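Structural features, examined
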Amino acid sequence: MNRNKREREYYSIDVGDSTFTVLKRYQNLRPIGSGAQGIVCSAYDHNLERNVAIKKLSRPFQNQTHAKRAYRELVLMKFRHVHMLYLVMELMDANLCQVIQMELDHERLSYLLYQMLCGIKHLHAAGIIHRDLKPSNIVVKSDCTLKILDFGLARTAATGLLMTPYVVTRYYRAPEVILGMGYQANDIDQWNKVIEQLGTPSQEFLMKLNQSVRTYVENRPRYAGYSFEKLFPDVLFPADSEHNKLKASQARDLLSKMLVIDASKRISVDEALQHPYINVWYDPTEVEAPPPVITDKQLDEREHTVEEWKELIYKEVLDWEERTKNGVIRGQPASIGAAVSSSPQQHHQHHPSTSSSTSANDVSSMSTDPTLTDTDSSLETAGPAAAAATASGPMGCCR
Ligand code: AMP
């Protein structure tokens, strides 16, 4: 791009320690978060007349690993625009670390969980393993819609399911990931924490481990573990009515099926979607929607130089702009971001009022939208954009 054009269309602004150089259509930049890959700002997009989030990838071309991560995130998330590796997406209101500080009722808790399960189901159906799911990578809007973020470490399962155990953030590692790290690692301490709470696993489980890991596990002190009533007593749940009491026992039941050391005995995503705590939200148009189409199946096998990655990213952006111009995007089944997003308004049209889809859970008592605004004023709606995005169908905010 020639210098004059650049100066006409772009401007630079300091945000924290970083300088954002963005199109003039994006104004009012404010920092809202940061992750392993860079800083995220909110901004007002004058073209779309709505708030957006802009993520600046820090040093995307520092080396091949950074460049490959940037490409993965771009391809898997299908961002709206990329400028010098600024990723622009719908602005959400808070990440889950912030949301879990709030006193949410069961309606909101179960709806958030339902959306996470839908998102994970769609990722897996598209052959994608996220590899770093944790609260800071899950963002929520005040209308209770949810998105899964940060695909820089995601992998397509096409290249095999063997995972690099160190990818997953420590506290969120599944037991099988911890054990896969080799028993010398200091981080194996996380295993002790798991068995202290859940108890030493059965002999049957031990027999599935390879010899060296089994020896390690067998030589740990033995723990009886705690019952789920002890681990998650009623006081931890919202409990202000008979109805909620029922919900607390359902939530605990679901947790007891999720927090199972032996992965083969753990509840699957499909089963969890059928669990009474979750299935009140079940909408086949969301749960059974076609998986997002990932065109670049060889994404993980690719090895390129930094310059080649730049080329590929540039090409992806041009392709994207071309497809958007031709209106193809709107007809696409779903992008990853879109796949994890669904609209509570829709549920309230279809579920609470339809007694045929209700189970023992009293769905009809869910009379209000599960918005987050009425429980915490710090989660303001993003303005007209929020309504527009959630009104666009079960796949919401398609990008
Ligand atoms: P990331 O680098 O994608 O993990 O994002 C880092 C943090 O920035 C997240 O934990 C969120 O707090 C915030 N964030 C990222 N994307 C958005 C978004 N679209 N809307 C609101 N906040 C976001």
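Model, not experiment: these values are computed from the prediction.

**Quick notes on the overall build of the protein**
Helix and strand counts for the protein stand at 17 helices and twelve strands. In the protein, the share of contacts with a sequence separation of at least 24, taken over all contacts with a separation of at least 6, comes to 66%. Total accessible area on the protein stands at roughly 19,500 Å², and carbon and sulfur atoms take up 53% of it.

**Some remarks on the site of the ligand**
Taken together, 17 residues lie around the ligand, and Lys55, Glu90, Met92, Asn95 and Ser136 are the ones closest in. For the ligand, a nitrogen atom lies 2.9 Å from a polar atom in the backbone of glutamate 90. The contact in question runs from an oxygen atom of the ligand to an N or O atom on the backbone of serine 136, over 2.6 Å. In the complex, 95% of the free accessible area of the ligand, which totals 480 Å², lies under the protein chains. Among the elements that make up the shell around the ligand, the one with the highest residue count is strand 3 (residues 26-35) (four residues). Taken together, the residues that form the shell around the ligand break down as eight nonpolar, six polar and three charged.

**Some points on the pattern of salt bridges**
Enumeration according to the criterion identifies 15 salt bridges in this entry. With its nearest N and O atoms 3.6 Å apart, the salt bridge here joins lysine 134 to aspartate 132. For glutamate 204, the salt bridge identified is with lysine 265, shortest N-O distance 2.9 Å. With a gap of 61 residues between them, glutamate 204 in helix 7 (residues 203-206) and lysine 265 in the loop between helix 10 (242-258) and helix 11 (269-274) connect regions that are remote in the sequence.

**Topic: the packing of aromatic side chains**
Summed over the entire model, instances satisfying the criterion amount to four aromatic pairs. Taking 6.0 Å as the distance between ring centres and 20° as the angle between the ring planes, the aromatic pair formed by phenylalanine 228 and phenylalanine 232 counts as stacked. The buried category is assigned to phenylalanine 228, whose relative accessible area is 17%. Through a chain of ring-to-ring contacts, three or more aromatic side chains come together here, namely Tyr111, Tyr114 and Trp281.

**Digging into helix 4 (residues 106-125)**
Over its 20 residues, helix 4 extends 28 Å from the first C-alpha to the last, a length consistent with the 28 Å expected when each residue adds 1.5 Å. When you tally the buried positions in helix 4, you get 15 out of 20 residues, the bulk of the element.

**What to know about unusual backbone geometry**
Positive phi, close to 65°, is recorded for asparagine 28, a residue that is not glycine. As for its placement among the helices and strands, asparagine 28 is situated in strand 3. Residue classification places asparagine 28 among the partly exposed residues on the basis of a relative accessible area of 47%. Positive phi outside glycine occurs at glutamate 49, with the angle close to 55°. Inspection of the secondary structure assignment puts glutamate 49 in the loop between strand 4 (38-45) and strand 5 (50-57).

**Examining the sheet that holds strand 11 (residues 146-148)**
Sheet architecture is open: three strands sit in the order 8-10-11, paired in antiparallel fashion. One side of each edge strand has no neighbouring strand; the edge strands of this open sheet are strand 8 (94-95) and strand 11. Here helix 4 sits on the sheet and contacts strand 10 (138-140) and strand 11; the angle it forms with strand 11, its principal contact strand, is near 35°.

**Some details on the pairing of strand 7 (residues 86-90)**
Where burial is concerned, most of strand 7 is hidden: five out of the five residues are buried. With five bridges connecting them, strand 5 and strand 7 associate as antiparallel partners. Paired with lysine 55 across the strands is leucine 87, a residue of strand 7.

**Focus: helix 13 (residues 306-325)**
Between its first and last C-alpha, helix 13 extends 29 Å over 20 residues, near the 28 Å set by a 1.5 Å rise per residue. Among the residues of helix 13, those classed as buried are Val306, Trp309, Leu312, Ile313, Glu316, Val317 and Trp320. Projected down its long axis, helix 13 carries its buried residues within an arc of 140°, all on one side. In this structure, helix 13 carries Glu307, Glu311, Tyr314 and Lys325 as exposed residues pointing more than 90 degrees from its buried face.

**Some thoughts on the nonpolar core**
Within the largest apolar cluster, 34 residues are counted, with the highest numbers of intra-cluster contacts made by Val99, Leu112, Tyr114, Leu146, Leu273 and Ile278. Going through the elements one at a time, helix 3 (96-99), helix 4, strand 10, strand 11, helix 10 and helix 11 are the ones with two or more residues in this core. With eight residues, the single largest contributor to this core is helix 4. Leaving out residues up to four positions away in the same chain, leucine 273 has contacts with Tyr114, Leu117, Cys118, Lys121, Ile278, Asn279, Tyr282 and Val287.

**Thoughts on the confidence of the model for the protein**
Confidence in the prediction for the protein averages 75 pLDDT; 71% of positions are at 70 or higher. Low pLDDT, under 50, characterises residues 328-369; the predicted model gives this stretch 106 contacts beyond four residues in sequence or across chains. Counting interchain partners and residues more than four positions distant, the pLDDT-below-50 stretch residues 373-399 has 71 contacts.

**Topic: the packing of helix 4 against helix 10**
Running from N to C, helix 4 and helix 10 point in directions that differ by 30°, and their axes come no closer than 11 Å. Relative to helix 10, the element helix 4 lies roughly parallel. In the packing of helix 4 onto helix 10, the handedness of the crossing is left-handed. Here His106, Leu113 and Leu117 of helix 4 lie close against helix 10, whose contacting residues are Asn244, Lys247, Ala248, Ala251, Leu254 and Met258. Taken together, the residues of the contact of helix 4 with helix 10 break down into six nonpolar, two polar and one charged.

Calculation rules
- Residues numbered from 1 in each chain as written.
- Predicted model: local features only at pLDDT ≥ 70, side-chain atom pairs only at ≥ 80, totals over all residues.
- Heavy atoms only, no water.
- Helix = DSSP H or I, 4+ residues; strand = E, 2+ residues; numbered from the N terminus.
- Contact = heavy atoms within 4.5 Å.
- Areas by Shrake-Rupley, 256 points an atom, 1.4 Å probe, with all protein chains shown as cover.
- Near = heavy atom within 4 Å.
- Polar contact = N/O pair within 3.5 Å; in protein donor to acceptor, adjacent residues only side chain to side chain.
- Nonpolar A, V, L, I, M, F, W, Y, C, P; charged D, E, K, R; others polar.
- Salt bridge = Lys/Arg side-chain N within 4 Å of Asp/Glu carboxyl O.
- Phe/Tyr/Trp six-rings, centres within 6.5 Å; stacked < 30°, edge-to-face > 60°.
- Buried < 20%, exposed > 50% of the residue type's maximum accessible area, 1.4 Å probe, protein only.
- Expected span 1.5 Å × (residues − 1).
- Pairing = 2+ DSSP bridges.
- Axes fitted to C-alpha atoms, helices over the stretch in contact; angles between N-to-C directions.
- Arc of directions from axis to C-beta.
- Core = buried A, V, L, I, M, F, W, Y, C linked by side-chain atoms within 4.5 Å.
- pLDDT = per-residue confidence, 0-100.
- Parallel < 35°, antiparallel > 145°, perpendicular 65-115°, else oblique.
- Left-handed = near helix turned anticlockwise from the far one by under 90°.

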